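Listed here are the chains, written in short residue letters.
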Amino acid sequence: MTIDRRAFITASGAALATRALATPAIAATHGKRPQGRFPNGFLWGAATSGHQTEGNDTASDTWLLENVKPSVFVEPSRDACDSFELWAKDLDLVRDFGLNTYRFSIEWSRIEPEPGLFSQAMLDHYRRMIDGCRDRGLTPMVTFNHFTCPRWFSANDGWLSEKSPVLFARYCEHAARRLADGIGYATTLNEPNVMRLLKWMNLPAPLLAAQRAMLIAAARATGAVAFSAANAANVEDLDRQMAHLLAAHAAGRAAIKSVRPDLPVGLSLAVQDDQAVGSDVERDAKRDYCYGAWLRAVAHDDFIGVQNYDRTRIGPSGPLPPPAAAPRNGMGQEIYPPSLGDAVRYVHAATGLAVIVTENGLDTTDDAQRAAYIPAALEGLKSAMDAGVPVRGYVHWSLLDNFEWVFGYGPKYGLVAVDRQTFRRTPKPSAAVYGAIARRNAI
Ligand code: FCB
């Protein structure tokens with residue numbers, strides 16, 4: 001597929017400028033205590049993804065990358081949280097906390113394990129999950145692609161292939177035919193901008209070299225010329241990857257809409273709270289590189305999913321370390337709850353779209369930090385809403401402590417702990433704090 005990127009950018013840039021003029025000014029409510037309750041019908045959710053929780057996702061590209069040698073994954077995902085079997089328990093937890101929304105992903109590699117070969121049984125499995133949400137009064141928010149793709153897809157150049165948008169759309173259409181009438185909100189792609197964000201962060205050269213070696217090993221293992229995944233791709237390929245992901249989003253959205261035109265469809269973007277220290281120039285360049293094309297591409301979407309975890313302070317020569325006195329999690333990362341409200345304001349101002357926070361959370365082994373983080377982040381979100389940003393929902397990452405990609409099972413984002421041997425789920429106190437907010441629809 002050939003995309004005239006310059007024409008695309010010029011045209012959509014003009015559309016964006018028009019929309020920016022039409023977007024009502026957002027009042028300055030920073031620092032003010034938010035007022036009152038969240039709107040009726042506000043979505044309060046928890047999120048997971050298939051590969052990170054289901055376990056034994058063996059036909060996926062990521063399973064292979066975890067298990068080839070060398071690999072940048074510190075450990076393989078193995079059984080994950082066994083949610084492929086235990087999904088009903090997961091839904092019970094979401095309902096029992098008092099939430100009304102569950103975001104999860106369907107696994108392309110299970111649904112289409114070989115090119116063009118679609119599994120009715122796997123579609124039925126996800127149908128049961130969607131119906132299971134409805135039975136419990138939960139709105140199912142379904143991600144059609146949360147990074148992982150079928151192994152055959154990534155062994156055929158993955159998102160670097162010109163065929164990738166069409167292949168993705170074919171999968172979306174099949175899945176939508178079986179699932180769309182039960183879904184509440186659909187997203188095509190999860191964080192399609194994540195590799196650009198990582199590139200902007202200047203990942204160390206040895207890590208990039210290790211990723212390259214892993215992709216070569218995966219190509220060798222599959223007899224492929226090249227192997228490339230959504231969240232594991234070489235830096236020189238990122239422009240091509242983005243061009244195809246942009247086309248895939250449009251094609252996937254059209255495919256889903258062709259089945260059910262009234263289903264709200266969007267995508268989820270990884271957005272940091274980018275704070276300029278000194279001049280705005282570097283900050284704006286970063287925004288343009290990491291989000292620009294995506295903020296233009298969502299023009300026809302029904303909403304935009306914002307996924308925010310942190311802020312970045314950006315000086316004249318790039319990212320700056322957090323202030324010395326900043327509170328930190330156990331891993332030494334800054335805890336900065338206002339980043340959520342700031343990210344949401346930025347994205348809405350740039351697109352004019354309604355926002356759903358499809359991920360926000362904290363990696364910590366100290367659950368008291370999470371219990372404090374959630375209301376603090378929601379204060380910033382509510383201030384943004386009080387200022388006029390149309391936010392439809394907040395979905396916390398994550399329901400479960402799960403498989404955090406290259407970091408394995410070390411990070412702890414869950415509202416619920418999972419025993420790695422028995423898969424027993426144990427809610428943490430922060431789940432009760434969050435659930436109480438959701439039940440009263442107010443912080
Ligand atoms: C996001 C991913 C999600 C999870 C969180 C911590 O970038 O979408 O799968 O890894 O980060």
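This text goes with the structure placed above it.
Residues numbered from 1 in each chain as written. Predicted model: local features only at pLDDT ≥ 70, side-chain atom pairs only at ≥ 80, totals over all residues. Heavy atoms only, no water.

Student: I keep staring at the pattern of salt bridges and nothing clicks. Help me out?
Tutor: Two side chains bearing opposite charge may form a pair once their charged atoms approach each other closely. Enumeration according to the criterion identifies 26 salt bridges in this entry. Residue aspartate 401 pairs with lysine 428 through a salt bridge whose shortest N-O separation is 2.9 Å. With a gap of 27 residues between them, aspartate 401 in the loop between strand S11 (391–397) and strand S12 (416–418) and lysine 428 in the loop between strand S13 (425–427) and helix H15 (429–440) connect regions that are remote in the sequence. Since its relative accessible area comes to 7%, aspartate 401 is described here as buried. One connected set of salt bridges, linked through shared partners, spans Asp92, Arg95, Asp96 and Arg136. (Salt bridge = Lys/Arg side-chain N within 4 Å of Asp/Glu carboxyl O. Helix = DSSP H or I, 4+ residues; strand = E, 2+ residues; numbered from the N terminus. Buried < 20%, exposed > 50% of the residue type's maximum accessible area, 1.4 Å probe, protein only.)

Student: Which parts of the structure should I look at to understand the site of the ligand?
Tutor: Around the ligand, a shell composed of Gln52, His146, Asn190, Glu191, Gln307, Tyr309, Glu359, Trp397, Glu404, Trp405 and Tyr413 is seen. Within the side chain of glutamate 359, a nitrogen or oxygen atom sits 3.0 Å from an oxygen atom of the ligand. Between the ligand and the protein, one listed contact pairs an oxygen atom with a side-chain N or O atom of tryptophan 405 at 3.1 Å. Residue composition of the shell around the ligand, grouped by class: four nonpolar, four polar and three charged. (Near = heavy atom within 4 Å. Polar contact = N/O pair within 3.5 Å; in protein donor to acceptor, adjacent residues only side chain to side chain. Nonpolar A, V, L, I, M, F, W, Y, C, P; charged D, E, K, R; others polar.)

Student: Teacher, can you tell me more about the side chain of asparagine 402 here?
Tutor: Tracing the chain through its elements places asparagine 402 in the loop between S11 and S12. A relative accessible area of 2% places asparagine 402 in the buried class. Reaching out from asparagine 402, the side chain makes a polar contact with the side chain of serine 398 at a distance of 3.1 Å. When neighbours within four sequence positions are excluded, asparagine 402 is seen to be in contact with Gln52, Thr53, Cys81, Trp397, Gly408, Tyr409 and Pro411. (Contact = heavy atoms within 4.5 Å.)

Student: Sorry if this is basic, but what is going on with helix H8 (residues 164–179) here?
Tutor: Counting along an α-helix, one turn takes 3.6 residues, and residues three or four places apart therefore face a common direction. Here H8 is 16 residues long and its end C-alpha atoms lie 22 Å apart, about the 22 Å a rise of 1.5 Å per residue gives. Three or more residues of H8 are buried, namely Ser164, Pro165, Phe168, Ala169, Tyr171, Cys172, Ala175, Ala176 and Leu179. Each buried residue of H8 lies within a common arc of 165 degrees when the element is viewed along its axis, so the set occupies one face. Among the exposed residues of H8, those oriented more than 90 degrees off its buried face are Val166 and Arg177. (Expected span 1.5 Å × (residues − 1). Arc of directions from axis to C-beta.)

Student: I'm lost on the packing of helix H13 (residues 339–351) against helix H14 (residues 367–386) in this one. Help?
Tutor: Packed helices, taken two at a time, are described by the angle between their axes plus the distance between the axes. The N-to-C vectors of H13 and H14 enclose an angle of 30 degrees; their axes lie 6 Å apart at closest approach. Considered as vectors, H13 and H14 are oriented roughly parallel to each other. Read as a crossing pair, H13 and H14 show a hand that is right-handed. Together, Leu340, Gly341, Val344 and Arg345 of H13 and Ala377, Gly380, Leu381, Ser383 and Ala384 of H14 make up the contact between the two elements. For the contact of H13 with H14, the class distribution of residues is five nonpolar, three polar and one charged. (Axes fitted to C-alpha atoms, helices over the stretch in contact; angles between N-to-C directions. Parallel < 35°, antiparallel > 145°, perpendicular 65-115°, else oblique. Left-handed = near helix turned anticlockwise from the far one by under 90°.)

Student: Just checking my understanding: could you explain the nonpolar core for this structure?
Tutor: Here is a general trend for soluble globular proteins: nonpolar side chains tend to be buried in one another's company. Counting 100 residues, the largest nonpolar core has Trp44, Ile106, Phe144, Trp159, Val344 and Leu381 as the members making the most contacts within it. One finds Val68, Ala80, Ala219 and Phe227 within the second-largest nonpolar core, a separate group that totals 18 residues. (Core = buried A, V, L, I, M, F, W, Y, C linked by side-chain atoms within 4.5 Å.)

Student: When you look at the pairing of strand S4 (residues 185–190) in this model, what are you seeing that I'm missing?
Tutor: A regular strand places its side chains on the two faces of the sheet in alternate fashion. S4 sits mainly inside the fold: five of its six residues count as buried. One ladder, built from four bridges, connects strand S3 (residues 139–145) with S4; its direction is parallel. Along S4, the bridge assignment pairs asparagine 145 with leucine 189. In this sheet, strand S5 (residues 265–270) lies alongside S4 in parallel orientation, the contact comprising three bridges. (Pairing = 2+ DSSP bridges.)

Student: Explain the sheet that holds strand S6 (residues 273–276) to me, please; I cannot follow it from the model alone.
Tutor: The strand order across the open sheet built from three strands is S6-S8-S9, with neighbouring strands paired in mixed fashion. On the outer flanks of this sheet lie S6 and strand S9 (318–320), each paired with one strand and no other. With direction set aside, neighbouring strand axes in the sheet form an average angle of 45 degrees. Strand direction decides the pairing type here: S6 and strand S8 (residues 311–315), joined by four bridges, are parallel. The partner of aspartate 273 across the bridge, within S8, is arginine 311. In this fold helix H12 (residues 281–297) packs onto S6 and S8, with an angle of close to 155 degrees to the strand it touches most, S6.

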